[in-house]
Each structure stands twice: as structure tokens, then as C-alpha cells.
Amino acid sequence: MKRGYIQTEGLILDIRPSREKDRSIAILTPLLGKIWATARGARNIHSKFGGEIQTMNICEITLYSNGNENWTITEAKTKNTFEGIKNNLKKIKSAFKVLETLAGINEGSQYQELYEMGKKTLIDIEKKDDLETIFEVFLIQFLDKVGSIPEITHCEECYTKIEFSKERDWNPLETTCQKCEEKNPMNEQKVPGKKYHDRYRKLVHFLKKNTYEDFQKIKIENADKKILSEIARKYWLCAGNEELKSTTIDIHSGLLTPVQVY
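Analysis parameters
- Residues numbered from 1 in each chain as written.
- Predicted model: local features only at pLDDT ≥ 70, side-chain atom pairs only at ≥ 80, totals over all residues.
- Heavy atoms only, no water.
- pLDDT = per-residue confidence, 0-100.
- Helix = DSSP H or I, 4+ residues; strand = E, 2+ residues; numbered from the N terminus.
- Pairing = 2+ DSSP bridges.
- Axes fitted to C-alpha atoms, helices over the stretch in contact; angles between N-to-C directions.
- Contact = heavy atoms within 4.5 Å.
- Buried < 20%, exposed > 50% of the residue type's maximum accessible area, 1.4 Å probe, protein only.
- Expected span 1.5 Å × (residues − 1).
- Phe/Tyr/Trp six-rings, centres within 6.5 Å; stacked < 30°, edge-to-face > 60°.
- Lys NZ or Arg CZ within 6 Å of the ring centre and 35° of its normal.

Novice: I'd like a rundown of the confidence of the model for the protein, residues and numbers included.
Specialist: Summing up the model confidence of the protein, the mean pLDDT is 84 and the portion of residues at 70 or higher is 88%. At the level of individual helices and strands, the protein shows its lowest average pLDDT in helix α6 (residues 186-190), which scores 55, and its highest in strand β4 (residues 58-65), which scores 95.

Novice: Please set out the sheet that holds strand β3 (residues 33-39) residue by residue, giving values where relevant.
Specialist: Pairing is mixed in the closed barrel, where five strands are placed in the order β1-β2-β3-β5-β4. Pairwise comparison of adjacent strand axes, ignoring direction, gives a mean angle of 50° for this sheet. Packing of helix α3 (residues 112-127) onto the sheet brings it into contact with β1 (4-18), β2 (22-29) and β4, and relative to β1 it is tilted by some 60°.

Novice: Kindly report on the pairing of strand β5 (residues 71-80), identifying the contributing residues and their values.
Specialist: By the bridge criterion, two bridges tie β3 to β5 in an arrangement that is parallel. Looking across to β5, one finds that A37 is bridged to W71. Two elements, β4 and β5, share eight bridges in a ladder whose sense is antiparallel. Looking across to β5, one finds that Y64 is bridged to T72.

Novice: Account for unusual backbone geometry, naming residues and giving values.
Specialist: Leave glycine aside and you will find that most residues have negative phi; peptide bonds, for their part, are mostly trans. Although it is not a glycine, M56 sits at a positive phi angle of roughly 90°. Relative to the helices and strands, M56 is located in the loop between β3 and β4. Residue M56 is classed as buried on the basis of its relative accessible area, which comes to 0%. In this model, Y159 sits at a positive phi of 65°, which is unusual for a non-glycine residue. Positionally, Y159 belongs in the loop between α4 (131-145) and β6 (169-170).

Novice: Go over α4, please, and point to the residues and values.
Specialist: With 15 residues, α4 should cover 21 Å at 1.5 Å per step; its first-to-last C-alpha distance of 21 Å lies within 8% of that length. Burial runs high along α4: twelve of the 15 residues are buried. Within the span of α4, buried status applies to L131, T133, I134, F135, E136, V137, F138, L139, I140, Q141, F142 and L143. Buried-residue contacts for α4 involve α2 (89-102), α3, α7 (199-209), α8 (212-216) and α9 (222-238). Of the residues trailing α4, G147 is marked for its positive phi of about 80°.

Novice: Now, about the packing of aromatic side chains: what can you tell me, with residues and values included?
Specialist: With the rule as written, the count across this model stands at five aromatic pairs. Note on Y5 and Y64: the rings are 4.9 Å apart at their centroids and 50° apart in plane angle, and the pair reads as tilted. Separated by 59 residues along the polypeptide, Y5 in strand β1 and Y64 in strand β4 bring together distant segments of the chain. A centroid spacing of 6.0 Å and a plane angle of 45° characterise the contact between F135 and F138, whose relative ring orientation is tilted. Remark: F138 and F135 occur in helix α4; sequence separation between them is three residues, near one turn of the helix. Through a chain of ring-to-ring contacts, the aromatic side chains of F135, F138, F142 and W236 assemble into a single cluster. Just above the ring of F135 sits the side chain of K97; from NZ or CZ to the centre is 4.5 Å. The ring centre of F164 lies 4.7 Å from the NZ or CZ of K202, which sits over that ring.

Put into C-alpha cells, the structure is as follows:
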């Protein structure tokens, strides 16, 4: 990587102390993926970064690289602070689950789609109240983008399309069609776990390709939303991730505005 400056939009994922007066900032950008950058002097009370670089903010950021993938923030201007989230404890919890999920992205990867997805999800959380569903739609799309959801529309053994069936039960981790399962019963034993009606496979496939707004147009019961959440959690854990910790949020002094509990 060459020395020089680059300007990019970025979502602030995390902020940590660094040295006596600096802060280390985790930023998700559409140009560079996830990076860590130093904001020099950001811990000073009169720092130019004080009102700009806060967790969850979207900023226009100027970065300097020394050529060794070490980034320094030279300028930052806030574009969206999501005050509608930061003033509502329930919305903060949902938003932090999004940030925690995005923070798991490998550094240096190109993730334009994931950046736009995260940004849009935070906008939905700020404007709408169906918080759990918004997050589950985001999580399934995130896992699909990073390759953590197995093939669910075509059999990995015979490569034929798996048609939707009203009679068939579906294990979210299975990757073979019913004919291949019948030919080799050991296939079913390879993927033990709870099974669901096959319509949930169709729903997961729909969510991989469509937005939360599209999902709202589907008639779906609360019980179905709970099962969708269960399936998303299964994919998350099977990808080797730990449980998300953001069900309770440690609000760092000065990073978020005071909250109201509704």
C-alpha cells in the first residue's frame, strides 16, 4: 500500500483508548472494508474529533496511510448520528447487535455491499419499531454475503434444483435433496438437528435476495418470526461465532447520548 491520503465514508463500529491522548477507531468503509485507525489527541477535551467520532456515527473521513496499512484519521465530518436510536434503549440494543456483527468482518476486505447493508439497517432501526425482525433479516443477509449459509436451493450431490415441498421437513444445515437422502440415509445422520417445515427454506431464500421492506409485504405470523430468529442463530453459531453479547450494552461515557427507556 502506498503512502498518502484517502477520503471515504465510514461507520464507526468501536472506539478504544490508545496511548495517553489517542483513540483507536474501528471503521467499516465501502472502500477499505473494516480498518482500525488512530485518532490522535481524540482523548483531549478540546479535540476536533470530540463531536464527530462517536460509536454508530457515519462520517466522511480523511485517512492517511504510512504505507504499512497503518491508518491515521486526519479529518472527520459527521453525516449521520442516529439520534433517534441513541435516545431509545431498545433501539440502542438492536443497533449494537448490528455493529457487533459487522465488527467480525476480516480487516482489509472489500465489503461495499455489507457497508450499505449495515447503513440501511441502522436507518430502518431508527425509523421503525419491528426491531427483532429488522435484525434477523440483516443477520441472514450478512451470513449469506460472507458465505456462512449453505446451499439451500440446489443439491450438492446431484446439483439438481430442490423444489419447494409442503410435505418435506427441512434441516437448515442440510445440503442434499430428498432423493439423495433416500439413496444414502447416512446423509441425514451427518446433519443432526431440529427440522422445520420446508416453507422456512423458501423464506430464508427470499430474505437472501430481498430487503426488509419486501419482507414486510409478506403475511407472516409472530411464531414464524421466532423460528426465523432460531434459524438465523443456528447459522451464526455453526459459522464458528460466539453468542452476540449486545443484549446488554455497556454505554461508555461521552460516546452516546443519555437514553430514555420506553
